[in-house]
Amino acid sequence: MDSLTTAPIVELLEQLFRKAEAADRPLHEAFVGEGEKISAEHMRTFLDEEAKDYQATYRTLAGNYLNVSPEFGKFLYMCARTRKATRIVEFGTSFGVSAIHLACALRDSGGGQLIGTELEATKAAAARDNLAAAGLADLVDIRVGDALETLKEGISGDVDLVHLDGAFNLYLPVLKLLEPHLKAGALVIGENAIEPAYLDYVRDPRNGYLSVAMPFDAGRGNEFTVVTR
Ligand SMILES: C[S@@+](CC[C@H](N)C(=O)[O-])C[C@H]1O[C@@H](n2cnc3c(N)ncnc32)[C@H](O)[C@@H]1O
């Protein structure tokens, strides 16, 4: 049994994916052009822009969902279920689409905690509402502010899974902040993991990780990493 593909969550997610598509279509078209797919080159342009001032970049995107695809969401759920995760940290929660997938996995595995982080207070409030509508509010702690501050403390226990989906340039500093809390065999799943220093780090086994690029949403830089320490 899984609560992801059954009522009421399946309908809620369909509704959120529809809303997100409508909200983000103008941004997508401005970014890549109508009907075009996001390419590695588009992603690098965004990485460079974001590096100048990530807080300002995400302020201008406060109305955008920037969410995972349904396929990627299902993959997150499956990873958390396989891992029997009880503690998950998400960097970049936005309106809560990926968080719903992860919290569903916690519910279906018998409970746990998802710590989410979001810079924009309006998005964090919307994420809380969406998680409450999904009946998952008791499993989540959404922290508002910069993850470099909000994840500094209050992670009480070992982490089974990390979803990195915030400012592209902060994947490595956020991972390093979380390292003392990672269980052996924990999963670190990076959506839009394209920043070279991050990829060099997780792809070097001497740092205690094994890591491969995933074939999801080609060009978007999805990286699957396992903690081997
Ligand atoms: C790609 S979106 C996340 C999408 C979300 N995971 C989903 O699938 O619905 C990235 C989000 O990270 C947030 N963000 C960026 N930098 C952040 C930071 N330093 N701390 C916390 N949140 C951040 C942005 O405001 C934005 O909402």
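A quick note: this is a predicted structure, and the numbers were derived from the prediction, not measured. (Residues numbered from 1 in each chain as written. Predicted model: local features only at pLDDT ≥ 70, side-chain atom pairs only at ≥ 80, totals over all residues. Heavy atoms only, no water.)

Asker: Before we move on, could you go through the overall build of the chain and cite the residues and values that matter?
Answerer: Regarding its fold elements, the chain presents nine helices and seven strands. Whereas a compact globule of 229 residues would reach a radius of gyration of roughly 17 Å, the chain reaches 16 Å, a difference of no more than 12%. Expressed as a percentage of its 229 residues, the buried residues of the chain come to 54%. Restricting the contact set of the chain to residue pairs at least 6 apart, pairs at least 24 apart contribute 74%. Element-wise, carbon and sulfur atoms account for 55% of the exposed surface of the chain, whose accessible area totals about 10200 Å². Distance from the positive charge centre (23 side chains) to the negative charge centre (34 side chains) of the chain: 5 Å. (Helix = DSSP H or I, 4+ residues; strand = E, 2+ residues; numbered from the N terminus. Rg over C-alpha atoms; globule rule 2.2 N^0.38 Å. Buried < 20%, exposed > 50% of the residue type's maximum accessible area, 1.4 Å probe, protein only. Contact = heavy atoms within 4.5 Å. Areas by Shrake-Rupley, 256 points an atom, 1.4 Å probe, with all protein chains shown as cover. Lys, Arg positive; Asp, Glu negative; His and termini not counted. Charge placed at Lys NZ, Arg CZ, Asp CG, Glu CD.)

Asker: Kindly report on the site of the ligand, identifying the contributing residues and their values.
Answerer: If you check the shell around the ligand, you find 24 residues, and the closest are Gly 92, Ser 98, Glu 118, Lys 123 and Asp 165. A distance of 2.8 Å is found between a nitrogen atom of the ligand and a backbone nitrogen or oxygen belonging to Gly 92. Side-chain polar atom of Glu 118 to an oxygen atom of the ligand: 2.7 Å apart, as the coordinates give it. For the ligand, whose unbound accessible area comes to 610 Å², protein coverage reaches 99%. By residue class, the composition of the shell around the ligand is eleven nonpolar, eight polar and five charged. (Near = heavy atom within 4 Å. Polar contact = N/O pair within 3.5 Å; in protein donor to acceptor, adjacent residues only side chain to side chain. Nonpolar A, V, L, I, M, F, W, Y, C, P; charged D, E, K, R; others polar.)

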